[in-house]
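Descriptive analysis of the structure
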Amino acid sequence: MQMTLRWYGSKFDTVTLKQIRQIPGVTGVISTLYDSVPGEAWEMEDILALKNEIEEAGLKLVGIESVNIHDAIKVGTPDRDKYIDNYILTLERLGQAGIHMVCYNFMPVFDWTRTELARMRPDGSTVLAYTQEAIDNLNPEDMFASISGDVNGSILPGWEPERMARIKELFEMYKDVDDEKLFENLKYFLTRIMPVCDKYDINMAIHPDDPAWSVFGLPRIIINKANIHRMMKMVDNPHNGVTFCSGSYGTNLENDLPDMIRSLKGRIHFAHVRNLKFNSPTDFEESAHLSSDGTFDMYEIMLALYDIGFTGPIRPDHGRMIWDEVAMPGYGLYDRALGATYLNGLWEAIVKSHK
Ligand SMILES: [Mn+2]
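Per chain, residues are indexed from 1 in the order of the written sequence. This being a predicted model, a pLDDT of at least 70 is required before a residue's local features are given, and a value of 80 or more before pairs of side-chain atoms are given or counted; all residues contribute to the totals for chains, interfaces and linings.

A short note on the overall build of the protein chain
The cut-off we apply is this: Strands here mean DSSP runs of E at least two residues long; helices mean DSSP runs of H or I at least four residues long; both are numbered from the N terminus. Residue burial here comes from a neighbour count, namely the number of other C-beta atoms, placed from the backbone, that lie within 10 Å of the residue's own C-beta, with 20 or more meaning buried, 12 or fewer meaning exposed, and in between meaning partly exposed. Whether two residues are in contact is decided by their C-beta atoms, placed from the backbone, lying within 7 Å.
When you go through the protein chain residue by residue, the secondary structure sums to 14 helices and 12 strands. Overall size of the protein chain, expressed as C-alpha extent along the three principal axes, is 50 × 45 × 40 Å. The proportion of buried residues among the 355 residues of the protein chain is 43%. By sequence separation, contacts in the protein chain at least 24 residues apart represent 74% of the contacts at least 6 residues apart.

Considerations on the packing of helix 4 (residues 80-96) against helix 9 (residues 179-200)
For any two helices packed against each other, the geometry comes down to the angle between their axes and how far apart the axes lie. So the rule is basically this: Here an axis means a line fitted to C-alpha atoms, over the contact stretch when the element is a helix, while the angle between two N-to-C directions is reported on a 0 to 180 degree scale. Any angle that falls under 35 degrees is termed roughly parallel, while one over 145 is termed roughly antiparallel, one within 65 to 115 roughly perpendicular, and all others oblique. Each crossing gets its hand from how the near helix is turned against the far one by less than a right angle, where anticlockwise is left-handed and clockwise is right-handed. Residues are sorted three ways: Asp, Glu, Lys and Arg are charged, Ala, Val, Leu, Ile, Met, Phe, Trp, Tyr, Cys and Pro are nonpolar, and all the rest, Gly among them, are polar.
Between helix 4 and helix 9, the least distance of the axes is 10 Å, while the angle of their chain directions is 20 degrees. When the axis of helix 4 is compared with that of helix 9, the two are roughly parallel. In terms of crossing hand, the pair formed by helix 4 and helix 9 is right-handed. Packed against helix 4, whose contacting residues are Ile84, Tyr87, Ile88, Leu91, Glu92 and Gly95, the element helix 9 presents Phe189, Arg192, Ile193, Val196, Cys197, Lys199 and Tyr200 at the interface. Partitioned by chemical class, the residues of the contact of helix 4 with helix 9 number 9 nonpolar, 1 polar and 3 charged.

Some details on the sheet that holds strand 8 (residues 240-245)
Stated formally: One bridge is not enough; two strands pair if DSSP finds at least two bridges between them.
On the basis of which strands lie adjacent, the closed barrel formed by 8 strands has the order 1-2-3-4-7-8-9-12 and parallel pairing. With direction set aside, neighbouring strand axes in the sheet form an average angle of 30 degrees. Contacts from helix 2 (residues 44-56) reach strand 2 (28-31) and strand 3 (60-65), with the element oriented near 135 degrees to strand 3.

As for helix 2
The condition that has to hold: Each residue after the first adds 1.5 Å to the expected span of a helix. What the arc measures is the spread of directions leading from the helix axis to the C-beta atoms.
The terminal C-alpha atoms of helix 2 lie 18 Å apart, and with 13 residues this matches the ideal 18 Å at 1.5 Å per residue to within 8%. Burial in helix 2 covers these residues: Ile47, Leu50 and Ile54. Along the axis of helix 2, the buried residues cluster in a sector spanning 65 degrees; they form a single face. Helix 2 presents Glu45, Asn52, Glu55 and Glu56 as exposed residues on the side facing more than 90 degrees away from its buried surface. Packing partners of the buried residues in helix 2 comprise helix 1 (17-21), strand 2, strand 3 and helix 4.

Below you can see the structure in the form of structure tokens.
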């Protein structure tokens, strides 16, 4: 595996490439053109500028998270091909720039959903948290307003203010889209992009829906082992793979994370490894990465990745806000650096104990 950190670019991120390079064992970053608009083709010069900036800092651009999918593709509107053509153009340029892993998601309307961005824990750190009760009492249009006070001046990925202003219109667009339709539209998209992925050896890594169940009545399909295997079979190409995000699949306690990892040998192209602490099955918070701080056995998760011969990029995921850092919720430097170091420690122990 290759340890990386997510980085939003110098215009948007409070964390610098210099700081990332000083985290032991982190050799690459996962980044994106954060101000790109879904549906537009990325310009080659923008891709190369991002790549060069990262390489000049002594790191590698190991993959993209994300190249976002235009709603027309997810809804399956008649003009979707135009947006898929642009997506193909972006993939072609990424391939030509030597980038071979693209994370994306197929979630309608909302990206990841949390009901609190700064829940205080007993140690004084703050974390992202979710309760189903809060969602059940909230109108989707008020969702953005309810969390926007805690963003520390940052723009949250998938929660861009322009997008949230269109929320009614977005719900209207998705009103006839159910799980089956969403699967169908995903299949159509993947079938069209696989030739360019084959040509440039680009691993597509779908990110699970977070939380892994329907929110506000919207369809959610990338949620469990059965659905992910359905997706792998429906476009049976090794470039059609997954981002294994323990914190997202793990929102549903019925998902056996190590078992899912072992079942996806050869199809996991990217790993997000983090812990969650459940206070009840519908109330969880993003704890520190350490097993004993949360609900998951992080050793078993890393061992499963080792057992399937995982060699792709991995990153710690959302961190707690600690040591008075002010940053995008989940994306500060300190706790993610602790996470990377902890995961590297687990990995070293696993590798050495297998010799
Ligand atoms: Mn994730």
